[in-house]
Amino acid sequence: MSLQDDQVRSIAHLARLAIADEDVPGYAESLSSILALVEQLDALDTAGVEPMAHPLHATQRLREDVVSEENLREQYQACAPAVEDGLYLVPRVIE
Amino acid sequence: MHQKTLSELAAALADGSLGSVELTEHYLARIAAHDGELNSFITVTQESALQAARAADAARAAGRAGPLTGLPIAHKDIFCTEGLRTSCGSRMLDNFVSPYDAHVVSALKSAGTVMLGKTNMDEFAMGSSNETSFYGAVKNPWNATRVPGGSSGGSAAAVAARLAPAATGTDTGGSIRQPAALTGITGLKPTYGRVSRYGMIAFASSLDQGGPMAQSAEDCALLLGAMAGFDARDSTSLQREVPDYRAALNDSLDGLRIGLPKEYFGEGLDDAIASAVTSAVAELEKLGASVVEISLPNQGLAVPVYYVVAPAEASANLSRFDGVRFGHRCDDPADLEDLYKRSRGEGFGAEVKRRIMVGTYALSAGYYDAYYLKAQQARQLISRDFSEAFEQVDLIAGPATPSTAFGIGEKTDDPVAMYLNDLYTIAANLAGLPGISLPCGSSAGLPIGLQLVGRHFDEARLLNVAHRYQQVSDWHRRMPAAFQ
């Protein structure tokens, strides 16, 4: 699958990645070659084969729905770029 | 002092012939003298290492020492360390001071080890050469124009040059085993679920495993004993008793059945590696093992499957790096979307961006079935090949890498050429199986690794076979002359 520049821009948008215009063709080329590698799977007959999500077929372990963690907000927010009153600050979202 | 293995150092500490402060100072001095050439460390923790060493010596004097007390080690910079930068080899986390310790860090700390520092790695563990790090490439101590492998290239180079007697690494597609092979050390990827991933920055959650990298199987057994075990904080951590890995090291190999997959020895494999691996397997036969040819018919699919599954999982895991709560934030964001896009665009390097985009594409509407679902079905087939093989054999042997260490810059323009370095290691991650790489030869001065893959939770057997081989060979004792 050969990706075009506009597809690269779409994917970059979905992934919320800023890519400079001059870098787009380079990514189109490298992504296309990776997808070519991956397309070897197309020829494989997988009819009736269960998809494997966990290598040991385990399922999600559950626990009791009770509070078990300490609130360490101040400690965890020490490394934040911008906080105020325990909230993370970002550019205005709602007008 | 640095010619001794971790186990030999442990014995010297135990019999009082060495103290931890003396030992730690020795390695810190070696790092200061030599790491400029290698670039294997991102952060060196001189003060806290000496403090921990003093505490270890005091604990020993008070009769409270365990097998790992006072031993210096290094941690791959993917493991969160409380109060200390944890960069994951990325500009995105260059300013990130972790508020907590990873399980691997706290377990080895409780066991009394002394942390020398955090080692260099491919950015977010994505790479096979340690060339994608924000902090620059790591050099192979055997030849400074060559790569040490990746993504645990810093840990591998540090141990190979004896700047640390041992280190931790992580392995998602071969990132412990491949650099171990290229630098002539011993590295083990445990069974998926064996070692808690709590605090181990996630790349691909169904594949990632942390493990030991050291000079010998005996050393790895010592470390694994402290790292393995159930941890409720990792929802994929499995409840299985941790055996005494050291006790099993000297078990007999009589009756052991080793399989050699015919698919491993085709074209694309260096003749010198094929030859060294064949000789090593012959040694195992002399020790009592029997060898048969087996087939892993879907082995050729491992790399394509991985390059759908791993990037897909990475695209999800790396979405947490958004400039909001921690890590890099761009200057003067115009709006929220600009904040996300520029923080991420600036924080991530090219390979990481490539893999996030491949993963995003593979999971996107209209492509999910053709790519991700298909890859998961192929993964099932690869896993089944191993289950079937393990009905006939107990271990699978083969090369760890298709070539010895390649040149820095040689494969950076061609991502797919780079990806093919993992062709022998990837399948074990897909199937969740444990694998070990140990040195078994050398070609043009560059190390060659033998890989052994075992059944789920059979690390004891892998370490046993590797140890028995290391008792009749000395590849693991060699170190590059430049660092002696």
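In what follows, the structure referred to is the one given above.
I will try to describe carefully the structure that is included in this document. (Residues numbered from 1 in each chain as written. Chains lettered and ligands numbered in written order. Predicted model: local features only at pLDDT ≥ 70, side-chain atom pairs only at ≥ 80, totals over all residues.)

Points about the overall build of chain B
For step 1, the next point in the chain: What chain B contains, in helices and strands, is 15 helices and eleven strands.
For step 2, the next point in the chain: In terms of overall dimensions, chain B is globule-like: its C-alpha atoms have a radius of gyration of 21 Å, near the 23 Å expected for 484 residues.
For step 3, the next point in the chain: Along the three orthogonal principal directions, the C-alpha set of chain B runs to about 65 × 55 × 45 Å.
For step 4, the next point in the chain: A buried classification covers 62% of the 484 residues belonging to chain B.
For step 5, the next point in the chain: Considering only contacts within chain B whose residues lie at least 6 apart along the sequence, 76% involve residues at least 24 apart. (Helix = DSSP H or I, 4+ residues; strand = E, 2+ residues; numbered from the N terminus. Rg over C-alpha atoms; globule rule 2.2 N^0.38 Å. Buried ≥ 20, exposed ≤ 12 C-beta atoms within 10 Å, placed from the backbone. Contact = placed C-beta atoms within 7 Å.)

Digging into the nonpolar core
For step 1, the next point in the chain: Ranked by internal contacts, the top residues of the largest apolar core, which has 165 residues, are B:Leu116, B:Val159, B:Ala164, B:Ala302, B:Val305 and B:Val308.
For step 2, the next point in the chain: Among the elements that make up this core, the one with the highest residue count is helix H9 (residues 302–317) of chain B (ten residues).
For step 3, the next point in the chain: Among residues more than four places away in sequence, those in contact with B:Val308 are A:Val38, B:Ala362, B:Tyr371, B:Tyr372 and B:Ala375. (Core = buried A, V, L, I, M, F, W, Y, C linked by C-beta atoms within 7 Å.)

Here we look at the environment of B:Met357
For step 1, the next point in the chain: As for its position among the elements, B:Met357 is in helix H11 (residues 350–363).
For step 2, the next point in the chain: On the basis of neighbour counts, which here come to 26 C-beta atoms within 10 Å, the residue B:Met357 falls in the buried class.
For step 3, the next point in the chain: Note: C-alpha distance between B:Met357 and B:Ile31 (326 residues apart in sequence) is 37 Å.
For step 4, the next point in the chain: Discounting chain neighbours no more than four positions away, the residues touching B:Met357 are A:Ile11, A:Ala12, A:Ala15, A:Tyr27 and A:Leu31.

A word on the interface of chain A and chain B
For step 1, the next point in the chain: At the interface, 40 residues of chain A touch 56 residues of chain B.
For step 2, the next point in the chain: Of all the secondary structure elements, the ones that give two or more residues to the side of chain A that touches chain B are helix H1 (5–14), helix H2 (24–38) and helix H3 (73–77) of chain A.
For step 3, the next point in the chain: Tallied by class, the residues present in the side of chain A that touches chain B amount to 30 nonpolar, seven polar and three charged. (Nonpolar A, V, L, I, M, F, W, Y, C, P; charged D, E, K, R; others polar.)

Describing unusual backbone geometry
Backbone geometry follows two general trends: most residues other than glycine have a negative phi, and most peptide bonds adopt the trans configuration.
Residue and element names in this part refer to chain B.
For step 1, the next point in the chain: Residue Gly150 is joined to Ser151 through a cis peptide bond whose omega torsion reads 10 degrees.
For step 2, the next point in the chain: Its location among the elements puts Ser151 in the loop between strand S3 (114–119) and helix H5 (153–160).
For step 3, the next point in the chain: Phi is positive for Asn39, close to 65 degrees, though the residue is something other than glycine.
For step 4, the next point in the chain: By the element assignment, Asn39 lies in the loop between helix H2 (20–38) and strand S1 (41–44).

Considering the packing of H9(B) against helix H12 (residues 369–392) of chain B
Working note: a packed helix pair is described by the angle between its axes plus the distance between those axes.
Residue and element names in this part refer to chain B.
For step 1, the next point in the chain: It is the contact of H9 with H12, at a shortest axis distance of 9 Å, that shows an interaxial angle of 130 degrees. One way to sum up the angle between H9 and H12 is to call them oblique. The two elements H9 and H12 meet at a crossing, and its hand is left-handed. Where H9 approaches H12, its residues Ala302, Val305, Val308, Val309 and Ala312 are matched on the opposing element by Tyr371, Tyr372, Ala375, Ala378, Arg379 and Ile382.
For step 2, the next point in the chain: Considered class by class, the residues forming the contact of H9 with H12 number ten nonpolar, no polar and one charged. (Axes fitted to C-alpha atoms, helices over the stretch in contact; angles between N-to-C directions. Parallel < 35°, antiparallel > 145°, perpendicular 65-115°, else oblique. Left-handed = near helix turned anticlockwise from the far one by under 90°.)

Comments concerning the pairing of strand S6 (residues 209–214) of chain B
Residues and elements named next belong to chain B.
For step 1, the next point in the chain: Buried residues dominate S6, accounting for six of its six residues.
For step 2, the next point in the chain: Pairing analysis gives six bridges linking strand S4 (residues 166–171) to S6, with the strands arranged antiparallel. By the bridge assignment for S6, Asp171 is matched with Gln209.
For step 3, the next point in the chain: As paired strands, strand S5 (residues 186–189) and S6 are joined by two bridges and run antiparallel to one another. If you follow Thr186 over to S6, its bridge partner there is Ala214. (Pairing = 2+ DSSP bridges.)

Read these as layout, nothing more, since geometry by itself doesn't imply function.
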